[in-house]
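Spelled out from the first residue to the last, the chains are:
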Amino acid sequence: MVLSLLLTAHLGLAAMWCGSMGYSLLVVQPKVARFGFDDERLEEFLTLLAQGNRWKVVPIVAALLATGAGVAALTGGGPRLAFLGVVLLYCAAAAVFADVSWRHWPARVFALPEERPALRRGLRLRAWTMLVLVGAAFATALLTTTFTGQ
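Attention shifts here to the overall build of the chain. The helix and strand tally for the chain stands at 5 helices and 0 strands. Reading the chain from its N terminus to its C terminus gives the helix and strand order α-α-α-α-α. C-alpha atoms of the chain, sized along the principal axes, occupy 55 × 25 × 20 Å. Taken as a whole, the chain presents about 8400 Å² of accessible surface, with 71% of it coming from carbon and sulfur. In the chain, 13 positive and 8 negative side-chain charges are present, and the distance between their average locations comes to 11 Å.

Take a look at the structure:
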């Protein structure tokens with residue numbers, strides 16, 4: 001029963017984080033680019049969109065790490081190894097998230113206008129990196145759960 005609850009919570013949270021990042025990268029950001037904002041308005045709008053989001057993601061990341069570690073602790077063999085790998089992938093994604101949240105965004109807020117395009121490219125690269133890491137973790141957890149009958 002505990003394992004089922006942990007798996008359900010884990011997969012739901014993973015789908016939430018992965019889905020929200022995918023939606024942002026594939027839907028929201030391309031649409032924002034079509035508005036034709038000048039550089040100042042674009043930065044103002046993007047900062048408004050991002051404001052407060054880190055504190056919505058931090059508990060999700062913490063819960064993913066906790067539920068992933070819990071599943072690993074309650075299973076053995078291949079599923080345990082798979083979920084330990086999942087936890088490592090989330091740790092890597094969390095490190096990128098921390099870099100974006102506490103290093104990249106503050107630098108961007110105080111950047112000169114000529115520095116912003118490079119910072120935007122850097123953010124896109126980091127966002128895609130997080131999406132790949134979280135997507136790989138989610139897929140691994142889902143496939144492990146599906147094919148091992150956990």
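Anyway, onward from the coordinates.
This part covers the packing of helix H4 (residues 77-109) against helix H5 (residues 116-148). It is at 9 Å that the axes of H4 and H5 come closest, and there the two elements cross at 160 degrees. When the axes of H4 and H5 are compared, the pair comes out roughly antiparallel. As H4 runs across H5, the sense of the crossing is left-handed. Of the residues assigned to the contact of H4 with H5, the class counts are 22 nonpolar, 7 polar and 5 charged.

Another aspect to go through is the packing of aromatic side chains. Overall, the coordinates contain 5 aromatic pairs when judged by the stated rule. Between Trp17 and Tyr90 the ring centres are 6.3 Å apart and the planes differ by 25 degrees, which places this aromatic pair in the stacked class. Note that Trp17 is positioned in helix H1 (residues 2-33) and Tyr90 in helix H4, a separation of 73 residues in sequence. The two residues Trp17 and Tyr90 agree in class, both being buried. Aromatic rings pair up to connect Phe35, Phe37 and Phe45 into one cluster. One residue, Arg54, lies across the ring of Trp102, its end atom 5.0 Å from the ring centre.

Further remarks concern the nonpolar core. Of all hydrophobic cores here, the largest spans 36 residues; its most connected members are Trp17, Leu64, Phe83, Tyr90 and Val134. In this view, Tyr90 contacts His10, Ala14, Trp17, Leu64, Leu65, Val134, Ala137 and Phe138; residues no more than four positions away in its chain are not counted.

With that settled, the discussion passes to the pattern of salt bridges. Enumeration according to the criterion identifies 8 salt bridges in this entry. For Asp39, the salt bridge is made with Arg120, and the minimal N-O distance between the two is 2.4 Å. Here Asp39, found in helix H2 (residues 39-50), pairs with Arg120, found in helix H5; they are 81 residues apart in sequence, far enough to count as distant. You can call Asp39 partly exposed: its relative accessible area is 27%. Take Arg120: its relative accessible area is 15%, and that puts it in the buried class. Between Asp99 and Arg126 there is a salt bridge whose closest N-O contact spans 2.6 Å.

On to the side chain of Thr67, then. Residue position: Thr67 is located in helix H3 (residues 54-74). Look past the residues within four positions of Thr67 in its chain and what remains in contact with it is Leu6, Ala9 and His10.

Conventions and cut-offs
- Residues numbered from 1 in each chain as written.
- Predicted model: local features only at pLDDT ≥ 70, side-chain atom pairs only at ≥ 80, totals over all residues.
- Heavy atoms only, no water.
- Helix = DSSP H or I, 4+ residues; strand = E, 2+ residues; numbered from the N terminus.
- Areas by Shrake-Rupley, 256 points an atom, 1.4 Å probe, with all protein chains shown as cover.
- Lys, Arg positive; Asp, Glu negative; His and termini not counted.
- Charge placed at Lys NZ, Arg CZ, Asp CG, Glu CD.
- Axes fitted to C-alpha atoms, helices over the stretch in contact; angles between N-to-C directions.
- Parallel < 35°, antiparallel > 145°, perpendicular 65-115°, else oblique.
- Left-handed = near helix turned anticlockwise from the far one by under 90°.
- Nonpolar A, V, L, I, M, F, W, Y, C, P; charged D, E, K, R; others polar.
- Phe/Tyr/Trp six-rings, centres within 6.5 Å; stacked < 30°, edge-to-face > 60°.
- Buried < 20%, exposed > 50% of the residue type's maximum accessible area, 1.4 Å probe, protein only.
- Lys NZ or Arg CZ within 6 Å of the ring centre and 35° of its normal.
- Core = buried A, V, L, I, M, F, W, Y, C linked by side-chain atoms within 4.5 Å.
- Contact = heavy atoms within 4.5 Å.
- Salt bridge = Lys/Arg side-chain N within 4 Å of Asp/Glu carboxyl O.

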